[in-house]
Amino acid sequence: MSASPSPESTSGNTTELPKLPHGFEWLKLVASHYTGALDENGEQHYNRVLSERQREASCKRCEKYRDWNLKYSPTVIFMREQIERIGGQVGREHIICDHCDEYKAGGFNPSLGVLLCQNHVANRLHLEDTLAHELIHAYDEMKFHVDWTNLKHHACSEIRASNLSGECRMTNEIFRRGQLKVTRQHQECVRRRAVLSVMGNPNCKDEETAKKAVAQVWDSCFNDTRPFDEIYR
């Protein structure tokens, strides 16, 4: 929940960034790098351009996955419809892809919308789970008027988001995270991820505080599957 899309600078003294080399210009730079023809400044330029090209490519991939899920994912479509039913809206323009320094797949900010971390989203299914998770936060914000500074409120929404989004399905636990437990795997995943998220709240002083907040609301929030009739994914 703590991640927020960064607002663009409103300063009037903006400097236009140079265009990235493409085509033969880029191939020439790559060849110079691999043949050792670049000096120190040339290597710095190569690494800077490579980083920007990778960021550009990951942004395009993230946006492609986002747009596919907005059009075809049953969970994402359902959640957006439910948000509209209670008077809210999360449009394409409220869901942005950006580079994240923190190791997380996404975030939700009540004022700004949903952030998808383009450098940490592994594939289209991973983005679907992440987007579903953040849309559940958006639903909770509009339905229950969550106080995100209140650790129990935050914990409840994190429990619901991990429980209902699909990110704790057994295949994810085994293949993405290496968790091989079978009994109570789903509950343990939800609890673990909720604690980690609450630990990121500025009002949470340590792991024990996060665990306590999650434990205090566990039963009611884990069993609250709204707007689903049951755990769908």
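Residues numbered from 1 in each chain as written. Predicted model: local features only at pLDDT ≥ 70, side-chain atom pairs only at ≥ 80, totals over all residues. Heavy atoms only, no water.

**Some thoughts on the state of the cysteines**
A covalent bond bridging the sulfur atoms of two cysteines is what the word disulfide describes.
Line of reasoning, step 1. Summed over the entire model, instances satisfying the criterion amount to four disulfides.
Line of reasoning, step 2. Paired through a disulfide, Cys-62 and Cys-97 show a sulfur-sulfur distance of 2.1 Å. What sets the handedness of the Cys-62 and Cys-97 disulfide is the S-S torsion sign, and at about -80° it is left-handed. With Cys-62 in helix H2 (residues 40-72) and Cys-97 in strand E1 (residues 95-98), this pair connects stretches of sequence that are 35 residues apart.
Line of reasoning, step 3. The class of Cys-62 is buried, set by a relative accessible area of 1%. (Disulfide = S-S within 2.5 Å. Helix = DSSP H or I, 4+ residues; strand = E, 2+ residues; numbered from the N terminus. Buried < 20%, exposed > 50% of the residue type's maximum accessible area, 1.4 Å probe, protein only.)

**Here's the deal with unusual backbone geometry**
Line of reasoning, step 1. With an omega dihedral of 10°, the bond running from Arg-226 to Pro-227 counts as a cis peptide bond.
Line of reasoning, step 2. Locating Pro-227 in the fold gives a position in the segment after helix H8 (207-222).

**Looking at the sheet that holds E1**
Line of reasoning, step 1. Overall, mixed pairing links the three strands, which are arranged E1-E3-E2 in an open sheet. Sheet topology places E1 and strand E2 (106-109) at the edges, where each strand pairs with a single neighbour. Within the sheet, the average angular offset between the axes of one strand and its neighbour, ignoring direction, is 20°.
Line of reasoning, step 2. When E2 meets strand E3 (residues 113-117), the two strands line up antiparallel, connected through four bridges. Pairing of Gly-106 across the sheet is with Leu-116, part of E3.
Line of reasoning, step 3. Lying over the sheet, H2 contacts E1 and E3, oriented at roughly 155° with respect to E1.
Line of reasoning, step 4. Helix-sheet contacts for helix H4 (residues 124-144) involve E1, E2 and E3, and the interaxial angle to E2 is about 15°. (Pairing = 2+ DSSP bridges. Axes fitted to C-alpha atoms, helices over the stretch in contact; angles between N-to-C directions. Contact = heavy atoms within 4.5 Å.)

**Comments concerning the packing of helix H5 (residues 151-164) against H8**
Line of reasoning, step 1. The interhelical angle for the contact between H5 and H8, taken along N-to-C directions, is 60°, at an axis separation of 8 Å. The angle between H5 and H8 falls in the class oblique. Handedness of the H5/H8 crossing: right-handed. For the pair H5 and H8, the contacting residues are Leu-151, Lys-152, Ala-155, Cys-156, Ile-159, Arg-160 and Asn-163 in the first and Thr-209, Ala-213, Val-214, Gln-216, Val-217, Trp-218, Cys-221 and Phe-222 in the second. (Parallel < 35°, antiparallel > 145°, perpendicular 65-115°, else oblique. Left-handed = near helix turned anticlockwise from the far one by under 90°.)

**Some words on the environment of Pro-227**
Line of reasoning, step 1. Under the relative-accessibility criterion, Pro-227 is labelled buried at 16%.
Line of reasoning, step 2. Once the C-alpha coordinates of Pro-227 and Tyr-139 are considered, the two residues, 88 residues apart in sequence, prove to be 8.6 Å apart.
Line of reasoning, step 3. If we skip the residues at most four places from it in the chain, Pro-227 touches Phe-78, Met-79, Gln-82 and Tyr-139.

**A word on the pairing of E1**
Line of reasoning, step 1. Only one face of E1 is buried: it carries Ile-95 and Cys-97, and the other face, with Ile-96 and Asp-98, is open.
Line of reasoning, step 2. For E1 and E3, the ladder comprises four bridges, and the chain directions are parallel. Paired with Asp-98 across the two strands is Cys-117, which belongs to E3.

**Side note on H4**
Line of reasoning, step 1. In this model, H4 (21 residues) spans 30 Å end to end at C-alpha, consistent with the 30 Å of a helix rising 1.5 Å per residue.
Line of reasoning, step 2. Burial within H4 is extensive, with 15 of its 21 residues counted as buried.
Line of reasoning, step 3. Near the N-terminus of H4, the side chain that reaches the backbone nitrogen of Leu-125, with its oxygen 3.2 Å away, is that of Asn-123.
Line of reasoning, step 4. Positive backbone phi, approximately 55°, marks His-145, located one or two places after H4. (Expected span 1.5 Å × (residues − 1). Polar contact = N/O pair within 3.5 Å; in protein donor to acceptor, adjacent residues only side chain to side chain.)

**Here we look at the side chain of Thr-130**
Line of reasoning, step 1. By the secondary structure assignment, Thr-130 is in helix H4.
Line of reasoning, step 2. Among the polar contacts made by the side chain of Thr-130, one reaches the main-chain carbonyl oxygen of His-126 at a distance of 2.9 Å.
Line of reasoning, step 3. If we skip the residues at most four places from it in the chain, Thr-130 touches Ala-105, Gly-106 and Leu-116.

**As for the packing of H2 against helix H3 (residues 74-85)**
Line of reasoning, step 1. Their axes nearest at 6 Å, the elements H2 and H3 cross at an angle of 70°. Between H2 and H3, the interaxial angle falls into the category roughly perpendicular. On H3, the residues that touch Asn-69, Leu-70, Lys-71 and Tyr-72 of H2 are Pro-74, Val-76, Ile-77 and Arg-80.
Line of reasoning, step 2. Taken together, the residues of the contact of H2 with H3 sort by class into five nonpolar, one polar and two charged. (Nonpolar A, V, L, I, M, F, W, Y, C, P; charged D, E, K, R; others polar.)

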